[in-house]
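Letter by letter, the chains look like this.
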Amino acid sequence: MDLLRTSLPYVLWMLLGAWVVCVSEAEADDDGVSLFLISADAPAGFEALARSQTALVDVYYADRPLISTMATYTPEAIEFDELDQLMAAIPDLIDIPGVRAALTGSLPSNSTRLCRGTRRTDCGALEPDTAGVIFNADRYRVDLFVSSAYRTKAEPVLRRFIPPSNASFSFIQNLTGNFAGSDVGNDQVTIGSSSTLAWRENRVVALTSYSDTDAFTIDRLFARRDFEGRQHVAGLFRTSGRVPSFTGENDLLGVRLASSLETRADLRQSRGTPIDVFLTTRGRVDIIKDGRLISTRFYDPGNQILDTTNLPDGAYDITVRVTEGGQVREETRFYTKSGFIPPRDQPLFTLEAGEVMLRNTQK
């Protein structure tokens, strides 16, 4: 009896459903038109929902809040009422007039691209020719997308130069000695001295020597400053090895202005070929060489130049694997890195002027 009482309501509901279906089919007219009609028009009393409405919407760019602005929309399209305000808020654009033209007037809302299910992976992003939006009328949210061809490339956040020094005065003194001799004579002794007095990025260097066959000699005596890629030298110094080899190296009493790599902190990145990818949402990028994972990092949406500091010198193919929005894609890129070429963002130069000094150390 308990089982019958429990299942009886379900049986009655099933019988009622079957009766409704039978009545619907029986009451169809002679032309075969069903009593249940599907229409794209709004039902009676809900016509206001299909008409255009104006409201304040939140615009998101690169999955981050950008601006709140007024917009007029329907279930199929949306138009920005204050386009100037929106354009002024969009960063990293190359062709502003082109993007503005693409966002002018009525834009498709692309509501079918909304991620309403948790298992969908083909949603939440657009790849427009110039610019496009996905509008969620339930949340008054607009996700704005701009093609990679219209956006600047973001460099990895690396310090270009070492930070300014805050060191006080310091002094280093090195002494060296050499002795050569035998039972037959020809004994010779040479003593060398290297002195450095430094304060922050500035230093005074003195290299001197004395031997029992030569007089006391000042080999180098100069002041030098290295700061943010520039080198300044004044005094008695050796000409730079960057000068063409047909001139040779000489002792010069004068000045030097040159570029310097000694203060660079990003040479492992700047000496390599730039590798860039475009991300529509925040995603993970893996760099693979010879089947081994070399680097993995998360990057923000947009044109991103990858951090390649972990890649070794040489010329070879790498695999760039991008994971975003639940989808994975791979690309093969050719990469080069060499310590014999200057960084791509800093030309190397040397300017020297002064009087060539001739050595005369005989007693």
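Here's what I pulled together on the structure shown here. Because the structure is predicted, anything quoted here is derived from the model rather than measured.

1. Describing the sheet that holds strand S18 (residues 314-324)
Ordered in space as S16-S15-S18-S19, the four strands form an open sheet in which the pairing is antiparallel. Since the sheet does not close on itself, it has two edges, and those belong to strand S16 (292-299) and strand S19 (327-337), each with one partner. Direction aside, the axes of adjacent strands within the sheet are offset by 25° on average. Relative to S16, strand S15 (residues 283-289) runs antiparallel, the two sharing seven bridges. Looking at the pairing, Lys289 lines up with Arg292 of S16.

2. So, the side chain of Thr130
Inspection of the secondary structure assignment puts Thr130 in the loop between strand S4 (107-108) and strand S5 (131-136). The buried category is assigned to Thr130, whose relative accessible area is 17%. Ignoring any residue separated from it by four or fewer positions in sequence, one finds Thr130 in contact with Gly98, Val99, Ala102, Phe145, Val146, Ser147 and Tyr150.

3. Quick look at the sheet that holds strand S14 (residues 276-279)
Hydrogen bonding along the main chain pairs the strands of a sheet, whether they run parallel or antiparallel. Spatially, three strands are ordered S7-S17-S14 in an open sheet, and the strand pairing comes out mixed. Each of the sheet's edge strands pairs with one partner strand only, and the pair in question is strand S7 (153-154) and S14. When S7 meets strand S17 (residues 302-305), the two strands line up parallel, connected through two bridges. Among the inter-strand pairings, Lys153 is bridged to a residue of S17, identified as Asn303.

4. Considerations on the nonpolar core
One finds Phe80 and Leu103 to be the most contacted residues of the largest nonpolar core, which totals 24 residues. Of all the secondary structure elements, the ones that give two or more residues to this core are strand S1 (53-61), strand S2 (64-73), strand S3 (77-80), helix H2 (83-89), helix H3 (96-103), S5 and strand S6 (141-146). Considering every element that reaches this core, the biggest residue donor is S1, with four residues. Every residue in contact with Phe80, bar those within four places of it in the chain, is listed here: Val59, Thr69, Met70, Ala71, Leu86, Leu103, Leu107, Val133 and Val142. Formed by 13 residues, the second largest nonpolar core is a distinct cluster that contains Val277, Val285, Leu306 and Ile318.

5. What to know about the packing of aromatic side chains
A full pass over the atoms with the stated rule returns four aromatic pairs. For the ring pair Tyr73 and Tyr140, a centre distance of 6.4 Å and an interplane angle of 75° mean the geometry is edge-to-face. Note that Tyr73 is positioned in strand S2 and Tyr140 in the loop between S5 and S6, a separation of 67 residues in sequence. Ring centres 5.8 Å apart and planes at 50° place the aromatic pair Tyr316 and Tyr335 in the tilted group.

6. Digging into unusual backbone geometry
Generally, phi is negative for residues other than glycine and the peptide bonds are trans, each holding for most cases. The phi angle at Asp92 is positive, at roughly 50°, despite the residue not being glycine. Tracing the backbone shows Asp92 in the loop between H2 and H3. At Tyr140, a residue that is not glycine, the phi angle is positive and equals roughly 55°. According to the relative accessible area criterion, Tyr140 is partly exposed, its value standing at 35%.

The rules we used
Residues numbered from 1 in each chain as written. Predicted model: local features only at pLDDT ≥ 70, side-chain atom pairs only at ≥ 80, totals over all residues. Heavy atoms only, no water. Pairing = 2+ DSSP bridges. Helix = DSSP H or I, 4+ residues; strand = E, 2+ residues; numbered from the N terminus. Axes fitted to C-alpha atoms, helices over the stretch in contact; angles between N-to-C directions. Buried < 20%, exposed > 50% of the residue type's maximum accessible area, 1.4 Å probe, protein only. Contact = heavy atoms within 4.5 Å. Core = buried A, V, L, I, M, F, W, Y, C linked by side-chain atoms within 4.5 Å. Phe/Tyr/Trp six-rings, centres within 6.5 Å; stacked < 30°, edge-to-face > 60°.

In short, shape yes, function no, at least from these values alone.
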